[in-house]
Every structure is written in structure tokens, then in C-alpha cells.
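Inside the fold
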Protein chains: 2
Amino acid sequence: MADLDVVQRGSVLIGDNGLIEAVGSFKELRSLKPDAEIQEVDGVLFPGFVDCHTHAVFGAARLADHERRARGISYKEIAAAGGGILASVNDVRGRDESQLLELMKPRLAALVANGTTTVEVKSGYGLELAAELAQLEAVRRASLVGLPSLVPTFLGAHEVPPEARADPDGYVSTVVDEMLPAVQQQGVARFCDVFCEPGVFTIEQSRRVLEAAQRHGLGLKLHADEIDYSGGAQLAAELGAVSADHLAAVSESGIEVLSGSSTIAVLLPGTMLFLGSSSQAPARRMVDAGVAVALATDFNPGSSPGLSLPLMATLGVSQMRLLPAETIIAITVNGAAAVGEAHARGQIAPGFRADLVLASARDWRELPYWYGTNLISEVWIEGAACHPRQWPVNCLG
Amino acid sequence: MADLDVVQRGSVLIGDNGLIEAVGSFKELRSLKPDAEIQEVDGVLFPGFVDCHTHAVFGAARLADHERRARGISYKEIAAAGGGILASVNDVRGRDESQLLELMKPRLAALVANGTTTVEVKSGYGLELAAELAQLEAVRRASLVGLPSLVPTFLGAHEVPPEARADPDGYVSTVVDEMLPAVQQQGVARFCDVFCEPGVFTIEQSRRVLEAAQRHGLGLKLHADEIDYSGGAQLAAELGAVSADHLAAVSESGIEVLSGSSTIAVLLPGTMLFLGSSSQAPARRMVDAGVAVALATDFNPGSSPGLSLPLMATLGVSQMRLLPAETIIAITVNGAAAVGEAHARGQIAPGFRADLVLASARDWRELPYWYGTNLISEVWIEGAACHPRQWPVNCLG
């Protein structure tokens, strides 16, 4: 994971199809295509960052939850008091897909401005068919607006909704029998995810949902071992999920199983930071064990209203003891793998999408180093230049 | 500290002298000055942020130290191996004040872009008279260039330089007898600071430097109880220092003494984050005990290449359990107090400097909430609008 190929004074040839045709010296590329239009840039060019775990389609910010936690009220207590995820659920249920789209736009723009060109977005604040579909429809429409490129994930099993509290298994049946077929039919999701966690969905319930999703042709992801251990990492690997996410409470055997699998461990250090945790997922141990690790923002209104993958790279180095090079791989190559795009995104290489970000730096290691400011000066998505610094700053709230 | 006065649909009248004349409704202010030029803004207007603890005048970034720490090498081991502060000392000694100025400019611009309008800047990478003066002269020249407003601090006692290792007391004598008089004569510093820490300067050595500085008319600051306890907080309070800084290892008696003093506790959560610490200074206990707390970036190339006070506010809430309102006071009112400017900066009030920042938000609580992105859309310094979003992104390294 620390094997980074750094090209000095390199050039990239981009085809009309938005893909990278060649990478090399200017001279080589010039001879390949003498009439190519030339843009000279100054800085470090990275593959566009892939944010492989977000809940970017939501309603209002949850400003009160931030203060509540500062006052010592726990995540579970906030949820029990009607805050937490369910506050966002009530909010989203009261909005239509156009409203959700309008709220999402400036947030997606802020992600791009910080260098993210691909964003996985989960539903999961609907928890009933219509509202889940509205979220996924908002994601589909946002994809049409342009930037960034979105990967939709159905997360109907994010939480048991209030009206089904007495019968969680009944709600799982609704997800499996009613929601998943509709999601498949509408073609609005590429992955299915479940919040597998003691007190939310059990291993057995998670397995039911994921196996059904697999039958419907969806790829699998899993919120696994986030707060307390339940063996989610093992389930994800067993079912061939593309990723197991969070993993702050993963076990040694979970790490071992992941290391022998093709499942990516998606770690979310910003969430731990924002929730006030003093620990992080055992990233160093995982990488040393041979697990492929990606870092993502977990962008969501409750536990991580964070928008910067470079900041996640800083946390990777400073809080998780990953090497700087490992954090770059974690937000590019491995982020792409965690959304099933290892073959097409996350690398500056022939045949890959021309998703590129330019950082105002002389050394790639500056990206995780100058933390809390934005070094990104230019972004290309499928070869088309966006100019995020020229966009108006839109209110995110 | 949580007593924030929020004005809805407020207006600010700025005089030609760069000071705020009045704050109130548009109608009131209009009648005060019917011919005033009007600028309408959309968002939340904050007092310009005051970064009251930085080491912003330095040479190269210390990228290797970041990776070294990820590899498990401790702060003291890095220093012993010739990295750490001494790497920056060797670097700064090889540069003249013009080079230091040019390196500082984009870094100061990045601070302004993140909403900081006043920056305290320490010397301390010279550790010999000429190099210390070159740093302070670079700060003086940067003040003439314009933004932000700089407050210079002499930190000749930042570390014992290599050539004086055998005789630390002799180096303290050099600071007291040679450097301080020259600094006073040149009029290039407003405060004097000492790194009081076991293994660096003792309480007795720190007292010698600070008492001499006081005789030379400088205000006092102190790096106190950062890594290990030595009673620095008590010394700072006893000598009437304007601030005691870091305080991660402060004692209960230190907190008690600070609470009965006018010394501001300047806490630097970004440093703890960047160094990979799992703990933070006991901010909550201090505020509860009646200590006035400020938050700063500690911007420096080794332990905190961080540029965003809003991110420090996030860490204040999420990692230190300060209330959102307390973190706003900590980067404005109390930051100003920690540079002796409580009467003139850090508030939007008549007679105060018209240093203002506009955040693209509807609710002031969004500032510490949307972490890792920059909400600041406009900055005024002494009433003059800067447009940081239109500046070119300059390389910081």
C-alpha cells in the first residue's frame, strides 16, 4: 500500500472519451498526438479522490447533536432521545426528491472543491420505500447535473424505523421483500449496505438482507464492528462484500479473515474524531496483516459533517500511523476498489477515467501535511476541467 | 465563555479609521450616517479570528517528521536525531529575512483565507541573535505588506541551540544579556515567550528570561506544561503573563492558580491531533474552574502545520467537550486577550477594529460543525475587504 509511483515533470494525454490515453514525458506524448491541446499546470497532480463511504443525501444539519455530545450525552442516548439517525429520518421523510437534490448540490460541490471526484452515497434516512427511493432518485438526478460522479448504495437497513420497533425482523422482511425488489426494478442502486451492529441489526438480519441483495444483482457493503464487536468483518468477507466499513471494534480474527479476502476495509477516522473518541480503528495492524485499507469521510449530518479526504489522510498518518503513501493509496486506488471501480478509477494510468486533481504543492507528502486548509487548485472530471475555486460558496446548512 | 450575543439581520457601521462605529439594525445605522456606502452580505458575520499562538516564520516544511512519527519514532527521539525544532533552526539560519518573508506570505494568506485576521508569530528558529532578529524583521516586513495583522513574539528561549548544549545556563544568559536588549532596541517584538518544559528550559531559567523581558517592557507568554508537568502555569500566572500555552500536562493546582489570574490558557488541540496524541488539554475542567481559554493553531512546520481556526473550534467541541459557543469565544474574544488586544479586537462592537469574516452559513454553530472545509467567503481587515477566494493558491512548501 505504500508503493506510490511518483513521476517528475510528467504529462497526461486525455482522450475525447474522458479517459487517460497515455502518461509519460511531454515529448513522448507530443509525438503520440501532435495536435493535442496543451494545458500546463504547476503543482502535484493526483488521481481524483474517491470518497467511498458517505451519507451525502440528507436534510438539515444536526447542529444540536454536536453540542449534546460536548455535554456528555452519548450516541446511543441521543438516539434514544429521538436525535441521531431518526432525527434525519423524520426530516428526510418530510421532503421530496427535488428538495433533497437542492440540499445535496452545494455539499457535493464542496466535496469536489476538496478534490473528491467520485462519491459513494447511501440512502438510509428514509426507512420506508417511498423515502428510500426519493433519496436514491435525488442521487440519480445529481449524477445528471454533473460533478462529482456518484455511486448509489441502498441502505434501507440503516436503522429500525420507529413504527417497526416492536418487530425488527418484520422490518427486515420489508427491506427484503418490498424495498429491494423496487430498488432493483428502478435501477437506482449499485450496492446494498446494512448497519450491522449490536442494538441495530444482528449478524443474522444483516445476512438476510445482503443475501437478498446479492440475488437482486447488487454489490455488497457492510457497516461492520463500528461501536461494538459483532463479527461484521467476517460476514462481509464471507459474502464477498466489496467493503467492510468502520471496523473500530474489529477483532483479530476479523482482521485475519479480511486479509485473506478481497474485501476492502473502509476506515472513517473523521467520525471517531468528530464523535470525540480517543481511539481509532486499528489501521496499522490491518495494513501490516495485508488488509487493503481505504479512508473515507463518512460525510453525514450526525457523526461526520466532514468534507475533506486530504484531512482523512492527515488523520490516517497522525492518528492511525499509516505512512503518507498509504494514505494516498487509501483515498484513491483503494477507495476506487471499495466502490467496485478498481479497474477504472483511482489511478493516473492509461484506460482509467481522467479524474484528476491538482494540489498547490511541490511534494505529494504535503497533501496530508498542511492540514485544515485546501491545497486543491483545479479538478478535472472525465477530462473536463471544473474550477471549484471560482464557484460561489454556497451555504451547506 | 458561552455567552454569545447573536444579532439577526444586523448591520455594522465602519468608520474611515477602520474601526467599528456602531452595530445595530440597518435603519438605526442608516440614520446615523445617511451617506454610508452599503455592502449587503449573506451569511454569518464573525469577528475576525485571532490566532494567538503560531510559529509562522520558518523555512521548509518538515515532511519527513510526519512520516517518522507514523513509524513510531517519538518527538524526543526525532529531536535527538537532529530532526524536530533543530532541523528548522539549521534551515532558518541559512536564510535571510527576505527569503523568510517570501516563504511566509502564502502561509499568511492561507490563514486569512480561513478567517484569521490577527496572527501572533513567534521567533525561535534562530537561537542566535542575527537569526532571531531576521525572523522578527521578516514579521515586521510582513506587517507592512498588509494582511493579516501580526503580533510579534520573541522566543529566543525555544530550545538550547546545539552549540550551547554543554551550557544551557550560558545560553539563557545570552538570551537575557544579548538578545533581549537588541530585541528591545529594534522594537521588533511585543511579547517574550519561553519553552518551559522538563528537558528544555526549567522553571528557574524560564523565570530569568521572563523577568528580564519584563524589565525590557515586553509582555509575557509561556509554553507551559506541554508534554510533562513542571509548574509552568503557576509561573505564568505569578508573573502576570498574558497567556500560558499548551497545558496538556497542567496540574489541578495549575488550573486553580490560572482561574484566579488574568492569564489566558491557550490550548492547541491541532498539535495533539497532529502528533497522534489520544488526549487533549483538560479544557472542560479549566472552563468549569473559571479559566479563560483560547484556542490557537500552533501553526509550525513540525508539530502543527495547521491553518484553520474553525477546525480548532471543531476539535474544541468534539475532542475537548467545549460548547460550540465557548469555541467561538476561544478563537475571537479570548484569542484577542491572549495577545493583549482584548480592548480592540475579537468583538463586533463599537470602537473595535473592523476585522470581520463572513461564513457561508445560516447558523453560527455551523462554523465548528462542517469540519475540514472552508466556509469563509469574505474577510475584512480594518474595514478593507480582501477577497481571499480570488487569490491564486500559492504553494505553502
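Residues numbered from 1 in each chain as written. Chains lettered and ligands numbered in written order. Predicted model: local features only at pLDDT ≥ 70, side-chain atom pairs only at ≥ 80, totals over all residues. Heavy atoms only, no water.

From N to C terminus, chain A includes 16 helices and 14 strands. Here the C-alpha radius of gyration of chain A, 20 Å, is about what a compact globule of 397 residues would show, namely 21 Å. The principal-axis extents of the C-alpha atoms in chain A amount to approximately 70 × 45 × 45 Å. Per-residue burial for chain A yields a buried fraction of 61% across its 397 residues. In chain A, the share of contacts with a sequence separation of at least 24, taken over all contacts with a separation of at least 6, comes to 71%. (Helix = DSSP H or I, 4+ residues; strand = E, 2+ residues; numbered from the N terminus. Rg over C-alpha atoms; globule rule 2.2 N^0.38 Å. Buried < 20%, exposed > 50% of the residue type's maximum accessible area, 1.4 Å probe, protein only. Contact = heavy atoms within 4.5 Å.)

Take the side chain of Ser149(A) next. Residue and element names in this part refer to chain A. Considering the arrangement of structural elements, one finds Ser149 in strand E6 (residues 149-157). Using a relative accessible area of 15% as the deciding quantity, one classes Ser149 as buried. Here Arg345 takes part through its side chain, which lies 2.7 Å from a polar atom of the side chain of Ser149. Not counting chain neighbours up to four residues away, the residues in contact with Ser149 comprise Thr117, Thr118, Val119, Arg345 and Arg353. (Polar contact = N/O pair within 3.5 Å; in protein donor to acceptor, adjacent residues only side chain to side chain.)

Another point: the domain arrangement of chain A. Residues and elements named next belong to chain A. Each domain of chain A was delimited in the assignment, giving domain 1 (11-46 + 348-390) and domain 2 (49-337). Between the C-alpha centres of domain 1 and domain 2 the distance comes to 29 Å. At the junction of the two partners, domain 1 supplies 18 residues and domain 2 supplies 20 residues. Taken over both partners, the interface formed by domain 1 and domain 2 buries close to 1,400 Å², and the fraction arising from carbon and sulfur atoms is 77%. On the domain 1 side of the interface with domain 2, the three residues burying the most area are Leu367, Pro368 and Ile381, jointly 33% of the side's total. Joining domain 1 to domain 2, the criterion identifies zero salt bridges. Taken together, the elements giving at least two residues each to the side of domain 1 that touches domain 2 come down to helix H16 (366-369) and strand E13 (376-381). When residues in the side of domain 1 that touches domain 2 are grouped by element, the largest group, four residues, is from E13. (Domains from an automatic or database assignment. Buried area = accessible area lost by both parts, 1.4 Å probe. Salt bridge = Lys/Arg side-chain N within 4 Å of Asp/Glu carboxyl O.)

All names here are of chain B. For Asp193, the position within the fold is in strand E7 (residues 191-196). Note on Asp193: relative accessible area 0%, which makes it buried. A distance of 2.8 Å separates polar atoms of two side chains, one belonging to Asp193 and the other to Lys122. Here Asp193 is in contact with Lys122, Thr153, Phe154, Leu155, Lys221, Leu222 and His223, once residues within four sequence places are set aside.

Further remarks concern the relation of the copies chain A and chain B. For the pair chain A and chain B, the superposition axis carries a translation of 0.0 Å, the fit reaches an RMSD of 0.0 Å, and the rotation angle comes to 180 degrees. Taken together, the rotation angle and the small translation identify this as a two-fold axis. Within chain A, the C-alpha atom positioned nearest to the axis of rotation is that of Ser278(A), 2.6 Å from it. Most of the interface of chain A is mirrored in chain B, where 100% of its interface residues are also at the interface. (Least-squares fit on C-alpha atoms with pLDDT ≥ 70 in both.)

A separate point is the sheet that holds strand E12 (residues 356-359) of chain A. All names here are of chain A. Pairing is antiparallel across the open sheet formed by four strands, whose spatial order is E3-E12-E13-E14. The open sheet has two free edges, formed respectively by strand E3 (44-47) and strand E14 (384-386), since each of these has just one partner strand. On average, each strand axis in the sheet is tilted by 25 degrees relative to the strand beside it, whichever way the strands run. Taken together, the four bridges between E3 and E12 define a ladder with antiparallel strand orientation. Pairing of Pro47 across the sheet is with Leu356, part of E12. (Pairing = 2+ DSSP bridges. Axes fitted to C-alpha atoms, helices over the stretch in contact; angles between N-to-C directions.)

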